[in-house]
Amino acid sequence: MALTTSADAPLPVGEVSRLIGGWIDRLGAVWVEGQITQLSRRPGAGVVFMTLRDPSYDISVSVTCYRQVFDAVADIVSEGARVVVLAKPEWYAPRGQLSLRAAEIRPVGVGELLARLEQLKKSLAAEGLFAPERKKPLPFLPQLIGLVCGRASAAERDVLENARHRWPAVRFEVRNVAVQGVHAVPQVVQAVKELDTLDDVDVIIVARGGGSVEDLLPFSDEQLIRAVASCRTPVVSAIGHEPDNPLLDHVADLRASTPTDAAKKVVPDVGEEYERVRWLRDRGRRCVEALIDREVRGLAHALARPSMEDPHRMVDERADQVAALLDRGRRCLGHHLDRADSELAHTHARVVALSPAATLKRGYAVLQKADGHVVRAPEEVTDGEPLRARVAEGEFTVRVDT
């Protein structure tokens with residue numbers, strides 16, 4: 001029920017604490033899962049104190065139980081163990097603290113953990129987080145590698161030493177985090193996100209040297225899986241635990257069997273690349289030399305042809321034929337000209353012989369009327385009509401006398 005308060009009519013701290021306690025008392029018992037981070041069993045004390053923490057988030061709650069409740073699982077439960085607790089929330093009014101009073105404690109077995117992981121795996125796979133098409137290719141030669149690993153761990157040493165041995169110029173941006181326990185998930189997630197925001201980081205390696213199923217649980221946490229899936233930078237999983245693959249192996253862009261294997265897959269070997277370059281250079285040189293040799297042989301073969309050895313040979317061989325054809329052409333042209341000249345002379349003679357002037361020279365005359373009309377018949381003239389007579393040497397006037 002909401003309370004009516006104001007600055008003029010506030011509630012005392014004790015009243016607020018009492019009301020909160022009343023609300024919490026009305027809550028029933030609940031089953032809670034978490035990881036025991038602190039465990040206090042004082043000799044002779046009838047109550048056991050512990051802290052139950054959520055491995056995926058930075059949240060914890062205090063738990064108390066009677067000694068006989070904890071003694072039932074004391075042989076199999078210790079700090080770091082994952083347990084399921086049936087507890088009722090309690091409010092300690094004098095200090096304003098919330099805690100859980102446990103009535104039953106059950107350890108979470110490996111089989112149950114694996115079953116939960118398998119169920120989570122199917123759920124994430126159904127979302128497409130493990131799809132091959134989401135995998136990003138790794139750069140051929142990363143200039144800066146982000147490394148998430150334990151502080152001064154063998155995994156860190158293996159990655160750094162092997163990578164620098166393969167390519168001495170490679171640089172690393174290292175984030176040392178807890179790789180097991182209750183702080184592992186938030187620290188690994190934060191480190192991955194920080195490295196992903198750096199533009200210079202070309203690839204991120206998450207490395208750990210293996211361990212038990214319980215030790216590797218942080219690398220199957222849903223929060224970490226989703227953080228890696230949202231990275232724009234390629235991520236390599238190098239947990240180094242072959243029998244049981246954490247879910248990080250499935251969402252990562254590349255899985256390496258060990259941290260050493262991750263260094264080999266991420267960084268090329270400078271010696272191998274040098275040999276590859278040398279082989280390619282030799283192959284290119286051989287190809288160029290073979291091409292040049294082939295072209296030289298082709299040029300030599302072309303130059304060995306008679307037409308190339310003596311370019312004027314064809315002209316010289318055809319010179320007599322050209323001269324003969326030229327002489328023949330001249331003779332044919334002379335014959336044509338002589339025949340045309342003879343025909344022209346003959347035609348000229350015929351034209352001259354048949355011309356009116358030649359007729360006049362033989363003593364004939366041409367009579368023309370005053371209008372120039374030539375007289376061809378006696379009926380065309382009248383008595384006394386003047387006519388003009390044209391002869392070979394000139395013309396004169398005559399008169400008709402009938």
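Owing to the predicted nature of the structure, the values given are computational and were not obtained by experimental measurement.

Rules used throughout
Residues numbered from 1 in each chain as written. Predicted model: local features only at pLDDT ≥ 70, side-chain atom pairs only at ≥ 80, totals over all residues. Heavy atoms only, no water. Helix = DSSP H or I, 4+ residues; strand = E, 2+ residues; numbered from the N terminus. Contact = heavy atoms within 4.5 Å. 1 Å grid on protein atoms, 1.4 Å probe; cavity = no way out; pocket = protein on both sides within 12 Å on 5 of 7 lines; lining within 4 Å. Points joined across faces, edges and corners; volume = space filled by probe spheres on them. Nonpolar A, V, L, I, M, F, W, Y, C, P; charged D, E, K, R; others polar. Pairing = 2+ DSSP bridges.

Q: Lay out the side chain of T51 with the relevant residues and their values.
A: For T51, the position within the fold is in strand β2 (residues 47–54). Not counting residues within four places of it along the chain, the set of residues in contact with T51 comprises Q35, I36, T37, Q38, S60 and V61.

Q: How would you summarise the layout of surface pockets if you had to cite specific residues and measurements?
A: Counted as a void, the largest pocket has a volume near 590 Å³. Surrounding the largest pocket, 26 residues form its lining, E33, P55, R82, L113 and L217 being those nearest its centre. Elements with a contribution of two residues or more to the lining of the largest pocket: β1 (30–40) and α3 (110–126). Counting residues per element, the lining of the largest pocket draws most heavily on α3, which supplies four residues. Of the residues belonging to the lining of the largest pocket, the class tally is 11 nonpolar, seven polar and eight charged.

Q: Talk me through the pairing of β1; I want residue IDs and the actual numbers.
A: The side chains of a regular strand alternate between the sheet's two faces. In the sheet, β1 pairs with strand β4 (residues 82–92) via six bridges, with the strands oriented antiparallel. Across the sheet, G34 pairs through a bridge with V83, a residue of β4. The sheet contact formed by β1 and β2 spans five bridges and is antiparallel. Residue pairing for β2: L39 is matched across the bridge by M50. The loop that links β1 with its antiparallel partner β2 comprises six residues; one of these, G44, has a positive phi angle of about 85°.

Q: Give me the lowdown on empty space enclosed by the protein, citing residues and values where you can.
A: All chains considered together, the criterion is met by one cavity of 30 Å³ or more. Estimates place the volume of the largest cavity at around 40 Å³. Looking at the largest cavity, the residues that line it are R134, K136, V228, A229, V251 and D253. Across the lining of the largest cavity, the residue classes break down as three nonpolar, no polar and three charged.

Q: I'd like a rundown of the pairing of strand β3 (residues 59–66), residues and numbers included.
A: The sheet contact formed by β2 and β3 spans eight bridges and is antiparallel. Bridge pairing links T51 to S62 in β3. The antiparallel pairing of β2 with β3 creates a hairpin that spans four residues between the two strands. Inspection of the sheet shows β3 paired to strand β5 (residues 97–107) by four bridges, in the parallel sense. Looking across to β5, one finds that V63 is bridged to L100.

The quantities given are spatial measurements derived from coordinates; they are silent on function.
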